[in-house]
Number of protein chains: 2
Amino acid sequence: MSRPAVKPARRADAQHNAEKILEAAVTCLSRNPDASVSDIAHAAGVGRVTLYGHFPSRADLIEAALARLLGQGDEVLERLDLTGDPREALRVLIESSWLLIAQASAVLEAAQAVLPPGRLHDLHAKPEQRVGDLIGRGQAEGAFRRDLPASWLAGVMHHIIKGAAADVADGRLDRTDAPRFIAETVLGACRPVDEERGPAGH
Amino acid sequence: MSRPAVKPARRADAQHNAEKILEAAVTCLSRNPDASVSDIAHAAGVGRVTLYGHFPSRADLIEAALARLLGQGDEVLERLDLTGDPREALRVLIESSWLLIAQASAVLEAAQAVLPPGRLHDLHAKPEQRVGDLIGRGQAEGAFRRDLPASWLAGVMHHIIKGAAADVADGRLDRTDAPRFIAETVLGACRPVDEERGPAGH
DNA sequence: GACAAGTTGAACAGGCGTGTTCGAGTTGTG
DNA sequence: CACAACTCGAACACGCCTGTTCAACTTGTC
């Protein structure tokens, strides 16, 4: 290999700016999925033209931000041990990545408006799968209720996380309370129901 | 009273069109909170100018649509008997008005962008109160868990309903399954936790 | 049937967001 | 130091949305 890699020799400064822009995009789009390019550039402390220098279009920027976020999420989930008690595993999962999930959901919503649906599915299929698998295992082991599909329960978790993040953003919920509330509620929703609640358990 | 009422003698035709517009606004804004006036007018089978003839501005239209929706909701809740077992009452409430709540939430989201925050609170304070009271009573009677605030549980219900509506709209959930899934999940989330799960019940 | 009420499309002005170009200035890097 | 990489603001064209006016047309109502 004469060339060790495709190295356009990007200046360190530029690299740093690109990072700042992506971070700003995540925070802005989390607050408002319709945030304009000007907003994001301003939040990143960067001129609008500079932003376009790094990302050809708003759609590309959103896709990059989403990919970065999902990458981080996958990384976090990767080093988590989800093989123990499903209840405990789900609690750990929620408490360690609820914020990431909330941000990803928000950016995903923004992406939905500008990216082809197929492209979206490809990006967040992997992390989605991980959650689905965990809940499915919990059902199989009897730790979670079986009268509702795992996909529905996974969706419920997402909706609650998203809602909690919105509550935090609007000041209706304390940020430090959020993870406990979410985990407690989701686990409650997944708990099995004892149909026969008479004195004689089978 | 010489004049029986302030009767501008609106033509029956116009009245009917105004209704069509409001209905179209609800369906359009439910699908996309950023729906344009053109979209709504077209969905109502009406010219854009006609719409402006009925509602001075987009904001007024949204406010009218929201008010109509909340009025319907309040009406439904009014004739419901919510005094019995809180669990049963909550199930009845959900199954009879989940769609209305979902639509109202969507329109409310649209309204959030164009209406002053105070005006919003006034409009949906009453129905909100009803749900909060029911959950609070359930907690007091020991039917619902007390380790989470009633306002949080009410919010969770909203988030799940909203999410379920989105799932239905996107084809991820069968419309006929929705009410059962929602009620079952919300009731599960509200169920009290038995901290001491040893063999010796109290 | 006659008249007013209502509807309609075309066309306009103003605002906002997206991408693009340009020229000048700044700063990292060899 | 010197050059290329990078940044920046101004300004432009384009498209979409809002709200308004106007002149013709249709339709309800008395």
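Residues numbered from 1 in each chain as written. Chains lettered and ligands numbered in written order. Predicted model: local features only at pLDDT ≥ 70, side-chain atom pairs only at ≥ 80, totals over all residues. Heavy atoms only, no water.

Draft legend 1. Inspection of helix 6 (residues 117–140) of chain A at higher detail. Residue and element names in this part refer to chain A. A maximum bend of about 50 degrees is found in helix 6 at Ala125, where proline Pro127 lies one to four positions downstream. Among the residues of helix 6, those classed as buried are Leu120, Pro127, Val131, Leu134, Ile135, Gly138 and Gln139. Within two residues after helix 6, Gly142 carries a phi angle of roughly 85 degrees, on the positive side. (Bend = angle between axes of the 7 residues up to and from the residue. Helix = DSSP H or I, 4+ residues; strand = E, 2+ residues; numbered from the N terminus. Buried < 20%, exposed > 50% of the residue type's maximum accessible area, 1.4 Å probe, protein only.)

Draft legend 2. Representation of the environment of B:Ala178 within the structure. All names here are of chain B. Looking at where Ala178 falls in the secondary structure, it is placed in helix 8 (residues 178–190). Taking the relative accessible area as the measure of exposure, Ala178 reaches 0% and is therefore buried. Through-space distance from the C-alpha of Ala178 to that of Ile161 is 8.7 Å; in sequence the pair is 17 residues apart. Non-local contacts of Ala178, meaning those with residues more than four positions away in its chain, are made with Trp98, Val168 and Leu173. (Contact = heavy atoms within 4.5 Å.)

Draft legend 3. The arrangement of the side chain of B:Thr185 in detail. Relative to the helices and strands, B:Thr185 resides in helix 8. Side chain to side chain, B:Thr185 and A:Trp152 meet in a polar contact 2.8 Å long. Those residues in contact with B:Thr185 that sit more than four places away from it in its chain are A:Arg145, A:Leu148, A:Trp152, A:Val156, A:Ala189 and B:Ile160. (Polar contact = N/O pair within 3.5 Å; in protein donor to acceptor, adjacent residues only side chain to side chain.)

Draft legend 4. Quick peek at the protein's contact with DNA strand C. In the vicinity of DNA strand C, 20 residues are found, and the nearest of them are A:Arg58, B:Arg11, B:Asn17, B:Gly47 and B:Thr50. Taking the atoms of DNA strand C that fall within 4 Å of the protein, sugar and phosphate contribute 62% of them. One of the backbone nitrogen or oxygen atoms of A:Arg58 is found 2.9 Å away from a phosphate oxygen of DNA strand C. B:Arg11 places a side-chain nitrogen or oxygen 2.4 Å from a base nitrogen of DNA strand C. Breaking the surface near DNA strand C down by element, the ones donating at least two residues are helix 3 (48–54) of chain A together with helix 1 (12–31) and helix 3 (48–54) of chain B. Looking at the surface near DNA strand C, its residues break down into eight nonpolar, six polar and six charged. (Near = heavy atom within 4 Å. Nonpolar A, V, L, I, M, F, W, Y, C, P; charged D, E, K, R; others polar.)

Draft legend 5. Focus on the protein's contact with DNA strand D. The local shell around DNA strand D holds 21 residues, among which A:Arg11, A:Asn17, A:Gly47, A:Thr50 and B:Arg58 are the closest. Among the atoms of DNA strand D lying within 4 Å of the protein, the sugar-phosphate backbone contributes 61%. Between DNA strand D and the protein, one listed contact pairs a phosphate oxygen with a side-chain N or O atom of A:Asn17 at 2.5 Å. A:Thr50 has a polar side-chain atom sitting 2.7 Å from a phosphate oxygen of DNA strand D.

Draft legend 6. View of the relation of the copies chain B and chain A. Taken as rigid bodies, chain B and chain A are interconverted by a rotation of 180 degrees and an axial shift of 0.1 Å, the fit giving an RMSD of 0.1 Å. Taken together, the rotation and translation relating the two chain copies correspond to the operation of a two-fold axis. Ranked by how close their C-alpha atoms come to the rotation axis, the residues of chain B are headed by B:Ala189, at 2.0 Å. Both copies contact each other with a shared surface, as 96% of the interface residues of chain B are interface residues in chain A too. (Least-squares fit on C-alpha atoms with pLDDT ≥ 70 in both.)

Draft legend 7. Representation of the layout of surface pockets in the model. In this structure, the second largest pocket spans a volume of roughly 1400 Å³. Looking at the second largest pocket, it is lined by 34 residues, and the ones nearest its centre are A:Arg191, A:Pro192, A:Asp194, B:Arg191 and B:Asp194. For the lining of the second largest pocket, the secondary-structure elements that each account for two or more residues are helix 5 (86–112) and helix 8 (178–190) of chain A together with helix 5 (86–112) and helix 8 of chain B. At four residues, the largest contribution of residues to the lining of the second largest pocket is made by helix 8 of chain A. (1 Å grid on protein atoms, 1.4 Å probe; cavity = no way out; pocket = protein on both sides within 12 Å on 5 of 7 lines; lining within 4 Å. Points joined across faces, edges and corners; volume = space filled by probe spheres on them.)

Draft legend 8. Spatial organisation of the interface of chain B and chain A. Tallying the contact residues gives 24 residues for chain B and 25 residues for chain A. Interface of chain B and chain A: buried area, both sides summed, is about 2100 Å²; carbon and sulfur atoms make up 59% of it. Applying the counting criterion to the chain B and chain A interface returns eight residue pairs in polar contact (both at pLDDT 80 or more). For the side of chain B that touches chain A, the secondary-structure elements that each account for two or more residues are helix 7 (150–169) and helix 8 of chain B. No other element matches the seven residues that helix 7 of chain B contributes to the side of chain B that touches chain A. Classifying every residue of the side of chain B that touches chain A by side-chain character gives 12 nonpolar, four polar and eight charged. (Buried area = accessible area lost by both parts, 1.4 Å probe.)

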